[in-house]
Amino acid sequence: MTTTSPTRPVRLWEDGFALDPYGYYAALRAQGPVGRAELAPGVPAFVVTERRAALELLRDTDTFSHDPRPWESTVAEDSPVLGMMRWRPNSLFADGAAHVRYRASLIDAFERIEPHDLRARVHRAVHVLVSRIGPRGQADLVGEFARPLMALVFNSLFGLPEGQSERLDRALGMMMEGGAQAAEGEAEFGGYVLELIAAKAESRGDDLPSWLLDHPAGLSPEEVAWQVFLTLGAGHEPTANLVSNALSRILGTSVYYSTLTSGARPVMDAVVEVLHHETPLANYGIHYARSPVTFHGAWITPAMPVVVSYGALAHFAEQEVVSGRHPKDASHLSWSAGPHACPVKQHTLLIATEAIERLTLWLPDLEPVVAREQLTWRPGPFHRSLTSLPVRFSPRSPDQPGDLS
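Since we're looking at a predicted model, the values are computed, not measured. (Residues numbered from 1 in each chain as written. Predicted model: local features only at pLDDT ≥ 70, side-chain atom pairs only at ≥ 80, totals over all residues. Heavy atoms only, no water.)

## Quick look at the pairing of strand β2 (residues 34-40)
- Burial of β2 is extensive: 6 of the 7 residues sit out of reach of the surface.
- In terms of strand pairing, strand β1 (residues 10-11) meets β2 through 2 bridges, oriented parallel. Bridge pairing in β2 links Val10 to Ala37.
- Across 6 bridges, β2 lies against strand β3 (residues 43-48) in antiparallel orientation. The residue of β3 that forms the bridge with Val34 is Val48.
- Adjacent in sequence and paired antiparallel, β2 and β3 are bridged by 2 residues, among which Gly42 carries a positive phi angle near 80°. (Buried < 20%, exposed > 50% of the residue type's maximum accessible area, 1.4 Å probe, protein only. Helix = DSSP H or I, 4+ residues; strand = E, 2+ residues; numbered from the N terminus. Pairing = 2+ DSSP bridges.)

Next comes the structure, spelled out in structure tokens:
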């Protein structure tokens, strides 16, 4: 990686960060609990890499806000990270009563999804995808399974036809990676959501947007559009990464995979390992000081983003365990903490574990083509996401007699 001194911002937008983020996290930690970084060229931020500081930040709603508008006025309109960070009227960027109102509507809507119904949607999506890849005997479990699976599942939950899933997948991928294509991805995803809400406002269905439109909180169609914008993005991309990262761990360790397929070690173990050590949304949880403040040695103004590095927190916690210095609390923070903690983590865990279990039941002899240490990762400051996960297996079709239904 590029040598970075403690006085120079650590460039999370460099290609080297995707290749080996841990060296970059070490450079941040060398500055103290809060280090100076760049999320994109010319876009500075502070990054929190120490657990105690992270929890203090996540829980201190008096000192810190989620409203990025003071920062937005300082950033060029074509900034590649603006799509992930600009203010929108939804629960992610709201504080106080507005946040409570938006969050309650989302929780109520997701509570209407019964676990057996969500499980059935995942099983159907796996069936669709295995029908495509199974007869070939080889596949990319990122591009041909994890990502399209999430598009199929979330399209189903949001009342859209399967034919729209590729559009969703493509737009979110471009927006998350940043770079030159970020604005195009944001525009395409925004158009996708607006079309969806317009259709549901005209004719309700048995789906999340319709439930939000009819929620007692009285959200306007525009507010519903922005809740959907958030929920689709936050549901699709990190969950796809959770599935592919877990599959890479399972397939990259022969003992792990043999015990998994025999039922001795559940899929949940692999998913929890990823959340601890290779969390899909590595750097987010963005906050802004309400007024200038000193925080763990850093002088922070309202126009400076403060990013929680869940990836760094997990990495340094793992180092302490390996070295025998067990942290007092080794639980991961992948779901965040405080008022903005993930409200639908059980849904996410169900989708990820069911997807992996169903895939390994259909294709029980999955074998990686590339060693795990040679896999490559997508660029971008926010996520930990594989570019591909090539595998081979005995050709098989879900429609063969005697197969699972």
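## What about the nonpolar core?
- Core analysis: the biggest nonpolar cluster contains 76 residues, and Leu141, Phe145, Leu149, Val193, Val228, Leu232 and Val271 have the highest contact counts within it.
- If you tally residues by element for this core, the top one is helix α12 (residues 221-251), at 13 residues. (Core = buried A, V, L, I, M, F, W, Y, C linked by side-chain atoms within 4.5 Å.)

## Considering the sheet that holds strand β10 (residues 367-368)
- Taking strand neighbours across the sheet as the criterion, the 3 strands line up as β5-β11-β10 in an open arrangement whose pairing is antiparallel. Edge positions in the sheet fall to β5 (138-140) and β10, since each has one partner strand and no second.

## Thoughts on helix α6 (residues 96-111)
- Spanning 16 residues, α6 covers 22 Å between terminal C-alpha atoms, matching the ideal 22 Å at 1.5 Å per step.
- Buried within α6 are the following residues: His99, Tyr102, Arg103, Ser105, Leu106, Ala109 and Phe110. Along the axis of α6, the buried positions cluster into a sector of 155°, meaning they face one direction only. Counted as exposed and oriented over 90 degrees from the buried face of α6: Ala97, Val100 and Glu111.
- Each element contacted by the buried residues of α6 is listed here: α11 (208-213), α12 and α16 (345-362). (Expected span 1.5 Å × (residues − 1). Arc of directions from axis to C-beta. Contact = heavy atoms within 4.5 Å.)

## What about empty space enclosed by the protein?
- Under the definition given, this model contains 5 cavities of 30 Å³ or more.
- Of the volumes computed, that of the largest cavity is approximately 980 Å³.
- Together, 49 residues line the largest cavity, and Leu230, Ala234, Pro238, Leu281 and Cys342 are the ones closest to its centre.
- When contributions to the lining of the largest cavity are tallied by element, the ones reaching two or more residues are α5 (82-85), α6, α8 (142-157), α9 (165-177), α12, β6 (283-289) and α16.
- The element contributing the most residues to the lining of the largest cavity is α12, with 10 residues.
- In terms of residue class, the lining of the largest cavity is made up of 29 nonpolar, 17 polar and 3 charged. (1 Å grid on protein atoms, 1.4 Å probe; cavity = no way out; pocket = protein on both sides within 12 Å on 5 of 7 lines; lining within 4 Å. Points joined across faces, edges and corners; volume = space filled by probe spheres on them. Nonpolar A, V, L, I, M, F, W, Y, C, P; charged D, E, K, R; others polar.)

## Description of the pattern of salt bridges
- In the structure shown here, the tally under the stated rule is 16 salt bridges.
- The shortest N-O distance in the salt bridge between Arg86 and Glu77 comes to 3.3 Å.
- Accessibility expressed as a relative area gives 18% for Arg86, which makes it buried.
- Residue Glu77 is classed as exposed on the basis of its relative accessible area of 59%.
- When salt bridges with common partners are traced through the structure, they connect Arg249, Glu273, Glu278 and Arg372 into a single cluster. (Salt bridge = Lys/Arg side-chain N within 4 Å of Asp/Glu carboxyl O.)

## Concerning the pairing of strand β9 (residues 306-309)
- Here β9 shows two buried faces, one formed by Val306 and Val308 and the other by Val307 and Ser309.
- Relative to β9, β3 runs parallel, the two sharing 3 bridges. The residue bridging Val48 from the neighbouring strand is Val308, located in β9.

## Quick notes on the packing of aromatic side chains
- Applying the stated criterion to the full structure yields 8 aromatic pairs.
- Consider the rings of Tyr22 and Tyr25, whose centres lie 6.2 Å apart with planes at 65°: the pair is edge-to-face. On the criterion of helical spacing, the pair formed by Tyr22 and Tyr25 is a turn pair, its members being 3 residues apart in helix α2 (residues 21-29).
- Its relative accessible area of 24% is what places Tyr22 among the partly exposed residues. (Phe/Tyr/Trp six-rings, centres within 6.5 Å; stacked < 30°, edge-to-face > 60°.)

## Description of the side chain of Gln227
- Inspection of the secondary structure puts Gln227 in helix α12.
- The class of Gln227 is buried, set by a relative accessible area of 0%.
- What Gln227 contacts, discounting residues up to four positions off in sequence, is Pro89, Asn90, Ser91, Tyr102, Leu106, Leu212 and Leu219.

## A closer look at helix α7 (residues 115-133)
- Relative to the 27 Å expected for 19 residues at 1.5 Å per residue, α7 spans 27 Å between its end C-alpha atoms, a close match to the ideal helical length.
- Buried within α7 we find Leu118, Val122, Ala125, Val126, Val128, Leu129, Val130 and Ile133.

## A closer look at the layout of surface pockets
- Of the voids in this model, the second largest pocket is the one considered here, and its volume is about 250 Å³.
- What lines the second largest pocket is a set of 14 residues, among which Tyr22, Glu278, Arg372, Trp377 and Arg384 lie closest to the centre.
- Its residues assigned to classes, the lining of the second largest pocket comprises 5 nonpolar, 2 polar and 7 charged.

## Some points on unusual backbone geometry
- Of note in the backbone geometry, His296 takes a positive phi value of approximately 45° without being a glycine.
- For His296, the position within the fold is in the loop between β7 (293-295) and β8 (298-300).
- By relative accessible area, which is 23% here, His296 ends up partly exposed.
- The backbone phi angle of Ser336 is positive, close to 70°, even though this residue is not glycine.
- Assignment of secondary structure puts Ser336 in the loop between α15 (310-322) and α16.

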